[in-house]
Amino acid sequence: MLIFLSEERKMKKILALVLALIMVSVCFVACSDKSDEKVLKIGVFEPASGQNGAGGKQESLGIKYANSVCPTVDIDGVTYKVELVEVDNQSADDKAVTAASELVNKGVSVVVGSYGSSVSIAASPVFKEAGIPAIGITCTNTQVTEGNKHYFRICFLDPFQGSVLAKYAWDQGIRTAYTLAELGNAYDLGLSSSFKTAFEALGGKVISDNFPSNQADFTSYITNAKNGGAEVIFAPTSLSYAQLIVEAAASQKVGIPLYAGDTWDSNVILEAAKGKDVTINITTFYQEGGNKEFDEGFKKWLNADKTNLTNNGGNDIVSAVSAMGYDSYFVALEAAKAAKSTDPAKIMEALWGVEYKGVTGDIKFDSVNGDADRKVAYIKAADTTTGAWVFVKEQGV
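Residues numbered from 1 in each chain as written. Predicted model: local features only at pLDDT ≥ 70, side-chain atom pairs only at ≥ 80, totals over all residues. Heavy atoms only, no water.

Trainee: Any chance you could explain the layout of surface pockets here in plain terms?
Mentor: A probe as big as a water molecule, rolled over the atoms, marks out the empty space that is left. Reported here for the largest pocket is a volume of approximately 310 Å³. Together, 24 residues line the largest pocket, and Q51, N52, S91, S118 and N185 are the ones closest to its centre. At 3 residues, the largest contribution of residues to the lining of the largest pocket is made by helix α4 (residues 117-130). Of the residues contributing to the lining of the largest pocket, the split by class is 6 nonpolar, 14 polar and 4 charged. Approximately 190 Å³ is the volume attributed to the second largest pocket. Each residue belonging to the lining of the second largest pocket can be placed in one class, and the counts come to 4 nonpolar, 2 polar and 5 charged. (1 Å grid on protein atoms, 1.4 Å probe; cavity = no way out; pocket = protein on both sides within 12 Å on 5 of 7 lines; lining within 4 Å. Points joined across faces, edges and corners; volume = space filled by probe spheres on them. Helix = DSSP H or I, 4+ residues; strand = E, 2+ residues; numbered from the N terminus. Nonpolar A, V, L, I, M, F, W, Y, C, P; charged D, E, K, R; others polar.)

See the structure below:
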């Protein structure tokens, strides 16, 4: 009996030892698999707060949707998981530098963003020093890419956008325009200047006005436009100011059309204008309906998640910046595939030769500044009854 118990104890000890070894082995394999997982980190440099927070969220939605459609990428025969590393640049130049440094510290291979030219310009030296390429999505100011080899962009530039709007205004019979921009804002001032130059070249007259940061009342500026005989108000401002400008124009019933650039292409503007007697025309990068597969997929994805729907302004209207964000993600993947590496330096070099057929059009970069070759912009108008954007025309210069 004692011998039997002794043997039983031995068997139990052996069994316990075997189980322990199996557990250690499983743990080792699991940990090993995790550490061996290949990852491509893409930095998402966007504002989730501040005056451009609404636009930044919509741009980010396009990037996130693209990641949901294609969460992996094959690089030189190896499958990599694509990880989005998000930071909030808070729509502020000083915060942008901190956010950019955070992406560098987290080891991203390439950056996409930002909505807002000023923050892109402010963060550019951080990416340059780290040797990390950045792909601008809708930052249209020339200074973003000018004179550097690390910042690319997939959108048209302000001189083009300003010329498109100037020609459109001229074709509508407008001969006197009023521009309104925020002091110190590179996007506002740059686009206003481009419009002014192009409109005056056509023979028009331009009255220019600037307002200080944190301006809350635009009544006096609308009055200035009216007293100056303006037939259009061109205000390429951030969304937070845009809402106030729409409200001021509507309350004064001036009957002067409002023109703006791509930043106004937002549900925020549609909501601000709904039910009001205002006319709003904008230039932008994409018109809903341009790619049925993308539109349907994006809407389905939005409606499946309340947070995504909220970040899109509470509805499933497809914003041009979302479509551009979607394309930027795949341009980054194409660069990594062409580089056959996740090394930022190799991706930066590969970007110069990338060509990608996106939902917003064909994308390739020029050999001077890495700017996309865009020759057409979409002009849309706000339907203040239905709260939707209405396609007007494709416009070149």
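Following the structure, the description resumes.
Trainee: Can you help me understand the sheet that holds strand β9 (residues 232-234) in this one?
Mentor: Across the sheet, 7 strands lie side by side as β8-β7-β9-β10-β11-β14-β15; this open sheet has mixed pairing. Each edge of the open sheet carries a strand with a single partner, namely β8 (205-211) and β15 (388-395). Geometrically, the sheet is characterised by an average inter-axis angle of 25° between neighbouring strands, direction not taken into account. Sheet strands touched by helix α5 (residues 158-171): β9, β10 (258-260), β11 (280-284), β14 (377-383) and β15. Its angle to β15, the strand with the most contacts, is close to 95°. Relative to strand β7 (residues 176-182), helix α6 (residues 186-201) is tilted by about 165°, and along the sheet it contacts β7, β8 and β9. (Pairing = 2+ DSSP bridges. Axes fitted to C-alpha atoms, helices over the stretch in contact; angles between N-to-C directions. Contact = heavy atoms within 4.5 Å.)

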